[in-house]
Amino acid sequence: MIVANIADFREAARRRLPRFLFEYIDGGSYSETTLRRNVDDLAGIALRQRVLRDVSAIDLSAELFGTKQAMPVALAPIGLAGLNARRGETQAVRAAEKAGIPFTLSTVSACPLGEVAAAASQPFWFQLYMIRDRGFMRELLAQSVAAGCSALMFTVDMPVPGSRYRDVRSGLAGAPGLKGDIRRMAQAALRPGWAWDVGIRGRPHHLGNIAPALAGQTGLNDFFAWMRENFDSSITWRDLDFIRSEWRGPLIIKGILDPEDAKEAAALGADGLVVSNHGGRQLDGVLSTARALPPIADAVGDKLTVLADGGVRSGLDVVRLLALGAKGVLLGRAWAYALAAGGEAGVTKMLGLIDAEMRVAMALTGVTRIDQISRDNLAGNWLAGDYA
């Protein structure tokens, strides 16, 4: 099929992936209200079109955490992403490098830190959850240092996993033992391209970073059981002291939706934060990223670097989030769809689309540099609910 935008990548991913994997990427929690809000609220933001300005030289470059990059985006951490294509995280990190942007490796990736580092020639970011076993966390942090990771993204909005009905219906979760394995194998058999490239050639199939903790139990049911038992729901802001004691580089707190929490992150010495509702996959019914971002940027934007994710389906959406106050934008489902659809080449093409769409959006709003994008580029008083 012809791929012209991220919606096309989504459809290509749906056709290629077994149902249980596509629904895992695509779905949200409960009734998926927040998942829809993320997309709809961004799409509802009207921009000011300006004319007769010299926009012949558009510069997308930006600096995040002391490193200059080609555009103000990064690939967000996505669990199980390596199952979307053969050794998927290694393909994605190469695509990110070619585009001159950071890649973020999830704690629960298919490919371990060492394998991704071997595939990379530049530093990448690592994402971490708070795990009950602090010794195991220390080991993961030590591995990230050894792998040359340049920033740590600490996710705080998942003390417990959200309720995701699609995963139950698809057989990814809620179907233990042989019954669940048979359901997933049947779905994989309907996708022979994926079954050969990933299911057979992509072995070994285990979550590389947590494989030692699973002690040889590598099934998806083992993974979800480990998450339920080992994610630490007793975490508080004081636990950032533990993270800081083990990590000396830039620390980014991911999963902030409230200005008061943003102030806590700034007070405790974080270098950045991600305004995020976990892509609508945790607490359903909360604010969209677009709605949550402006007051957080106002509260702490002068103290740390504010990033955002959620609902981004185009380069135009990236410009919208920048106008609302973000200094950088994380791409999540966009790269997961592209990876599933076409591997490294798919992610490269998707990032090329983001680049081209940002350039058009900037030219037609009359700006030529990322630091010129602001709320002056918004039409009407969107923050007060005026979509004019």
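Up top you'll find the structure we're talking about.
Residues numbered from 1 in each chain as written. Predicted model: local features only at pLDDT ≥ 70, side-chain atom pairs only at ≥ 80, totals over all residues. Heavy atoms only, no water.

Helices and strands together make up the secondary structure of the protein chain, namely 16 helices and 10 strands. By the compact-globule yardstick of 21 Å for 388 residues, the protein chain fits well, its C-alpha radius of gyration being 20 Å. Judged by the C-alpha coordinates and their principal axes, the protein chain covers about 65 × 50 × 40 Å. A sequence separation of at least 24 residues applies to 72% of the contacts in the protein chain between residues at least 6 apart. When the accessible surface of the protein chain is totalled, it reaches about 15,700 Å², and 53% of it is carbon and sulfur. Where the 44 positive side-chain charges of the protein chain centre and where its 41 negative ones centre are 5 Å apart. (Helix = DSSP H or I, 4+ residues; strand = E, 2+ residues; numbered from the N terminus. Rg over C-alpha atoms; globule rule 2.2 N^0.38 Å. Contact = heavy atoms within 4.5 Å. Areas by Shrake-Rupley, 256 points an atom, 1.4 Å probe, with all protein chains shown as cover. Lys, Arg positive; Asp, Glu negative; His and termini not counted. Charge placed at Lys NZ, Arg CZ, Asp CG, Glu CD.)

Moving on, we come to the pairing of strand 10 (residues 328-331). On strand 10, burial covers both faces: G328 and L330 on one face and V329 and L331 on the other are all buried. The pairing of strand 3 (residues 73-75) with strand 10 spans three bridges and is classified as parallel. Pairing of V73 across the sheet is with V329, part of strand 10. Judged from the two bridges that link them, strand 9 (residues 305-308) and strand 10 form a sheet pairing that is parallel. Of the residues in strand 10, the one forming a bridge with L307 is G328. For the handedness criterion, the β-α-β arrangement of strand 9, helix 15 (residues 315-323) and strand 10 is classed as right-handed. (Buried < 20%, exposed > 50% of the residue type's maximum accessible area, 1.4 Å probe, protein only. Pairing = 2+ DSSP bridges. Right-handed = clockwise from strand over helix to strand, strands pointing away.)

A few words now on the packing of helix 15 against helix 16 (residues 333-365). Between helix 15 and helix 16, whose axes approach to 7 Å, the crossing angle comes to 55 degrees. Taken together, helix 15 and helix 16 sit at an angle that is classed as oblique. Note on packing geometry: the crossing formed by helix 15 with helix 16 is right-handed. Across from G315, L316, V318, V319 and L322 in helix 15, the residues of helix 16 making contact are I354, E357, M358, A361 and M362. A per-class count over the contact of helix 15 with helix 16 returns eight nonpolar, one polar and one charged. (Axes fitted to C-alpha atoms, helices over the stretch in contact; angles between N-to-C directions. Parallel < 35°, antiparallel > 145°, perpendicular 65-115°, else oblique. Left-handed = near helix turned anticlockwise from the far one by under 90°. Nonpolar A, V, L, I, M, F, W, Y, C, P; charged D, E, K, R; others polar.)

With that settled, consider the side chain of N38. Relative to the helices and strands, N38 is located in helix 3 (residues 33-43). Here the side chain of N38 touches N277 through a polar contact of 2.9 Å, side chain to side chain. Residues in contact with N38, not counting those within four places in the same chain, are N277, G279, G280, S288, T289, G310 and G311. (Polar contact = N/O pair within 3.5 Å; in protein donor to acceptor, adjacent residues only side chain to side chain.)

A sheet is described by the order of its strands in space; here eight strands give the open sequence 3-10-9-8-7-6-5-4, paired in parallel fashion. Since the sheet does not close on itself, it has two edges, and those belong to strand 3 and strand 4 (104-105), each with one partner. Looking at chain direction, strand 4 and strand 5 (residues 125-128) are connected through two bridges and run parallel. Bridge assignment links T104 to a residue of strand 5, and that residue is W125. Packed on one face of the sheet, helix 16 meets strand 3 and strand 10 and runs near 150 degrees to strand 10.

Quick look at helix 15 now. In an α-helix, one full turn covers 3.6 residues, which means residues spaced three or four apart are oriented alike. With eight of its nine residues buried, helix 15 lies for the most part within the structure. For helix 15, every residue scored as buried is listed here: G315, D317, V318, V319, R320, L321, L322 and A323. In the core, the buried residues of helix 15 are packed alongside helix 3, strand 3, helix 14 (289-300), strand 9, strand 10 and helix 16. A distance of 3.3 Å separates the backbone nitrogen of L316 from a side-chain oxygen at the start of helix 15, and that oxygen is part of S314. Looking one or two places after helix 15, you find G325, whose phi comes out positive at around 125 degrees.

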